[in-house]
Amino acid sequence: MTEFLVACRCWTVLLAAGLFLCFPSADALAREDTTLRQCSPDGRLCFALTTVAGVPTYSVDRGGVPVIDPSTLGFMLRGAGKWGGAIELGDAVRSSVDDSWEQPWGENRLVVNRYREMRVPMVERRATLREIRLVVRVFDQGLGFRFEFPAQDQLVDVTIDEELTEFAIAGEAEAWWIPGGESNRYEYLYSRTAAKEVGTAHTPITFRRADGLHLAIHEAALVDYSAFWLQRIEGQRFRTRLAPSSQPWKVRREAPFATPWRTLLVGKDAPALYAASDIILNLNEPNRLGDVSWVKPHKYVGIWWAMHLDEWSWNSGPKHGATTANVLEYIDFAAAHGFGSVLIEGWNEGWWSESGRNFEFATAYPDFDMERVAAYAAQKDVAIMGHHETAGNAGLYERQLEQALDYYQRHGVHAVKTGYVADAGGVLREDPDGTEQWEYHDGQFMARHHVLVAQRAAEHRIAINAHEPIKDTGLRRTYPNLVTREGARGTEYNAWGEPPNPPEHEPTLLFTRMLSGPFDLTPGIVSLAGRDGRPIPNTLARQLAHYVVIYSPLQMAADLPQNYRKRPDALAFIERVPVDWERSRVVAGDIGESAVVARQRRHGSDWWLGGVTDDSRREVAVDLAFLADGKDYTAEIWRDGPGGGIDGDRFAMLRETRTVTSRDTLSLTMEAGGGFAMSLTPID
Ligand code: NOJ
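Cut-offs and rules
- Residues numbered from 1 in each chain as written.
- Predicted model: local features only at pLDDT ≥ 70, side-chain atom pairs only at ≥ 80, totals over all residues.
- Heavy atoms only, no water.
- Axes fitted to C-alpha atoms, helices over the stretch in contact; angles between N-to-C directions.
- Helix = DSSP H or I, 4+ residues; strand = E, 2+ residues; numbered from the N terminus.
- Parallel < 35°, antiparallel > 145°, perpendicular 65-115°, else oblique.
- Contact = heavy atoms within 4.5 Å.
- Nonpolar A, V, L, I, M, F, W, Y, C, P; charged D, E, K, R; others polar.
- Pairing = 2+ DSSP bridges.
- Disulfide = S-S within 2.5 Å.
- Buried < 20%, exposed > 50% of the residue type's maximum accessible area, 1.4 Å probe, protein only.
- Phe/Tyr/Trp six-rings, centres within 6.5 Å; stacked < 30°, edge-to-face > 60°.
- Lys NZ or Arg CZ within 6 Å of the ring centre and 35° of its normal.
- 1 Å grid on protein atoms, 1.4 Å probe; cavity = no way out; pocket = protein on both sides within 12 Å on 5 of 7 lines; lining within 4 Å.
- Points joined across faces, edges and corners; volume = space filled by probe spheres on them.
- Near = heavy atom within 4 Å.
- Polar contact = N/O pair within 3.5 Å; in protein donor to acceptor, adjacent residues only side chain to side chain.
- Areas by Shrake-Rupley, 256 points an atom, 1.4 Å probe, with all protein chains shown as cover.
- Salt bridge = Lys/Arg side-chain N within 4 Å of Asp/Glu carboxyl O.

Undergrad: What's the story with the packing of helix α6 (residues 324–337) against helix α7 (residues 370–379) in this structure? I'm lost.
TA: For any two helices packed against each other, one specifies the inter-axial angle together with the distance between the axes. It is the contact of α6 with α7, at a shortest axis distance of 10 Å, that shows an interaxial angle of 10 degrees. The orientation of α6 relative to α7 falls into the category roughly parallel. Along its contact with α6, which presents Thr324, Val327, Leu328, Ile331 and Asp332, the element α7 presents Arg372, Val373, Tyr376 and Ala377. Class assignment for the residues of the contact of α6 with α7 results in 6 nonpolar, 1 polar and 2 charged.

Undergrad: What is the right way to look at the sheet that holds strand β6 (residues 65–72) in this model?
TA: Read from one edge to the other, the open sheet built from 8 strands follows the order β3-β4-β5-β6-β15-β22-β21-β18, with strand pairing classed as antiparallel. Only two strands of the sheet have a single neighbouring strand rather than two, namely β3 (36–39) and β18 (200–201). By the bridge criterion, 2 bridges tie β6 to strand β15 (residues 166–169) in an arrangement that is antiparallel. Its bridge partner being in β15, Asp69 is matched across the sheet by Ala168.

Undergrad: What should I look at first to understand the state of the cysteines in this one?
TA: Disulfide: a covalent bond formed between the sulfur atoms of two cysteine residues. Under the definition given, this model contains 1 disulfide. Linked covalently through their sulfurs, Cys39 and Cys46 form a disulfide whose S-S length is 2.0 Å. Taking the sign of the torsion about the S-S bond as the criterion, the disulfide between Cys39 and Cys46, at about 105 degrees, is right-handed. Judged by its relative accessible area of 3%, Cys46 is buried.

Undergrad: Looking at this structure, how should I read the packing of aromatic side chains?
TA: Note on aromatic pairs: each is described by the distance of the centres and the angle between the planes. Throughout the structure, instances matching the rule amount to 33 aromatic pairs. Measuring from centroid to centroid gives 5.1 Å for Trp351 and Trp352, while their planes differ by 80 degrees, and the two rings are edge-to-face. Positioned above the aromatic ring of Phe445 is the side chain of Arg429, whose terminal nitrogen or guanidinium carbon lies 5.6 Å from the ring centre. Here Lys471 stacks its cationic end above the ring of Phe228, 4.8 Å away from the centre of that ring.

Undergrad: What am I meant to see in empty space enclosed by the protein here?
TA: Take a probe with the size of a water molecule and roll it over the atoms, and the empty space left behind shows itself. Counted according to the given criterion, the structure contains 5 cavities of 30 Å³ or more. Lining the largest cavity are 20 residues, with His450, Val451, Ile470, Leu482 and Arg485 sitting closest to its centre. When residues of the lining of the largest cavity are assigned to their parent elements, the largest contribution, 5 residues, is made by helix α9 (residues 444–459). Tallied by class, the residues present in the lining of the largest cavity amount to 12 nonpolar, 5 polar and 3 charged. Volume-wise, the second largest cavity comes out at about 70 Å³. Forming the walls of the second largest cavity are 13 residues, and the residues nearest its centre are Tyr186, Thr203, Pro204, Gly487 and Arg513. In the lining of the second largest cavity, the residues fall into 4 nonpolar, 4 polar and 5 charged.

Undergrad: How should the site of the ligand be read in this particular structure?
TA: In the region of the ligand, 14 residues are neighbours, and Glu345, Glu389, Lys417, Glu486 and Glu492 sit closest. One nitrogen or oxygen atom from the side chain of Lys417 is found 2.6 Å from an oxygen atom belonging to the ligand. Within the side chain of His467, an N or O atom sits 2.9 Å from an oxygen atom of the ligand. Against a free-state accessible area of 290 Å², the protein chains account for coverage of 95% of the ligand.

Undergrad: Even after reading the chapter, I still don't get the sheet that holds strand β34 (residues 554–556), so can you show me in this structure?
TA: Picture the strands of a sheet paired through backbone hydrogen bonds; they go either parallel or antiparallel. Ordered by their spatial adjacency, 7 strands build an open sheet running β33-β32-β29-β28-β27-β26-β34, and the pairing between neighbours is parallel. At either end of the open sheet lies a strand with only one pairing partner, and these are β33 (482–485) and β34. Taking the axes of each pair of neighbouring strands and ignoring which way they run, one obtains an average angle of 30 degrees across the sheet. Here strand β29 (residues 415–419) runs beside strand β32 (residues 463–467); their pairing, made up of 5 bridges, is parallel. Across the sheet, the residue bridging to Ala415 is Ala463, located in β32.

Undergrad: Where do I start with the pattern of salt bridges in this structure?
TA: Where charged atoms of side chains with opposite charge meet at close range, the side chains can pair. As enumerated under the stated definition, the model contains 51 salt bridges in all. The partner of Glu582 in a salt bridge is Arg109, and the shortest N-O contact between them spans 2.9 Å. Within this pair, whereas Glu582 is found in strand β35 (residues 581–590), its partner Arg109 is found in the loop between β10 (93–102) and β11 (110–124), the two being separated by 473 residues in sequence. Considered together, Glu582 and Arg109 belong to a single accessibility category, that of buried residues.

Written out as structure tokens, the structure reads:
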């Protein structure tokens, strides 16, 4: 009742025939079409909230230029109709934050968190009087807003059929996007189309306007809610479409709760857009796990590529990959070359049973001796990276989770790759009565599942690298053992994909998928060959560049040991490149065309650069102004050699050394499908 009265505030309340009726006071009526604005700390980016004929409507402008045209907000609530008409805005409560925090690992050690916040009650002027609050945080380079459902008698068991948040992109724009809700989850090549030709897209989706402004729409802190796909309604007007569940509704929660943040990143160019992506982390809750020093960024090798080449198999039999003998050899290779761990896929019973119904996460195939392998690895100071493929049977995995994690912990495993290979909508779980239910990889059930796995794994000091995951929404801030994930087309497509990943893939990923967080791309295929020798459309130097361009705190050296032995120059780079960074910046780049990324080693003074191009040969001028002034650096460069490129000799690579300073600009040629990698080490 108190909540009810609070909700009614300035209204006259009558109790008639068992119904609460509210009549707006003169004061309330005068509020119709009031606009509440909240601008960023630098005053340039502004969010405005109003009502238009009672419909809550927001817009965004930057320096007075519209970015998001008036866009409506609302919800379809099961059994309770639409929320979003006859709305009155209450008083805005404002606050601001200006601080920074330290990541346990990441692209940047320190993250600046500076925003202005506005919280506005939005109350229905109907008998129901349901209140939803809008909270917006406006940063200089973007913003996030979310809905809070306060505890209230009129809305306790909240059942959401659809969220009706619109984004009307102002100004003609192009878009880079992958389809949302399609069978292959997030594993599509990006389409570049006019914004008005987008269908239903996953997020992050990136837009570039005719005036050069870059925008990305995504979400942050996806907790106990369904992910949204962005559906185009008309022209450049988009609306959230929540991923479905096995139930008729999309989301079911008990108030009070808050939705994930709906985010908009804004940059004057592609590098600025990448820099803005810290906003996603800032909108997540701080670390809940406490000391996470057991989460160790590192490079790994694994019983992996040979399966994708179809030379070995996951299941036991004549081609079985994860035999004790094979794994011991990989451990030797890892120890000899300084790799932190060996991923072992296909060691446990149940491989590729239908919907993963036969997986046993703590039972080894007869030709794999976990005790021996774990003891040998410990002796060689190499870790084992565990693997839990579920084939989408998340229900079975949850039932075995404790036993599965405990098994790994007892064998010294501190990182586990999980997998949910199943078509979209093919995630299996069971109701308490045993009824099978099918869920989406990005519905509410899986949002809960991934947090559950993170929490349980943390209790066993295990970090998670999820494949076929839910999209990244920055939850690594809250659960720093969510170290990396897939959620894009990775290198495996270069083994068997039709087509393989084209050269524009990574310069597109950097400004789309990578805005959301780390990606386990699994780079380093120095043989440049997939299944049956099919050529990978990259140069050798380009495979090295991926280690810097595509961030992941677990970075794989994915090729076979025998292939690395044939390419010692390339292996020398992979052995030395760091995976944890003090700071990162995109030095230059355009979506889908090229990118040059510079990262400084965490707590170190050496810098590492990677450059990638699409299928065009490009010269890039790399301004080294980011180096410390007055110091000489040794630049070691791995770059495409003459005659290189995907139409020439893909293996042509020059490894050279120069002395440079912060006053230098290096001119480098990237051949078609090529790139470069570089280390810059101060000379003492
Ligand atoms: C797909 C994953 O992306 C890949 O890395 C893994 O090897 C297979 N599933 C088997 O789990």
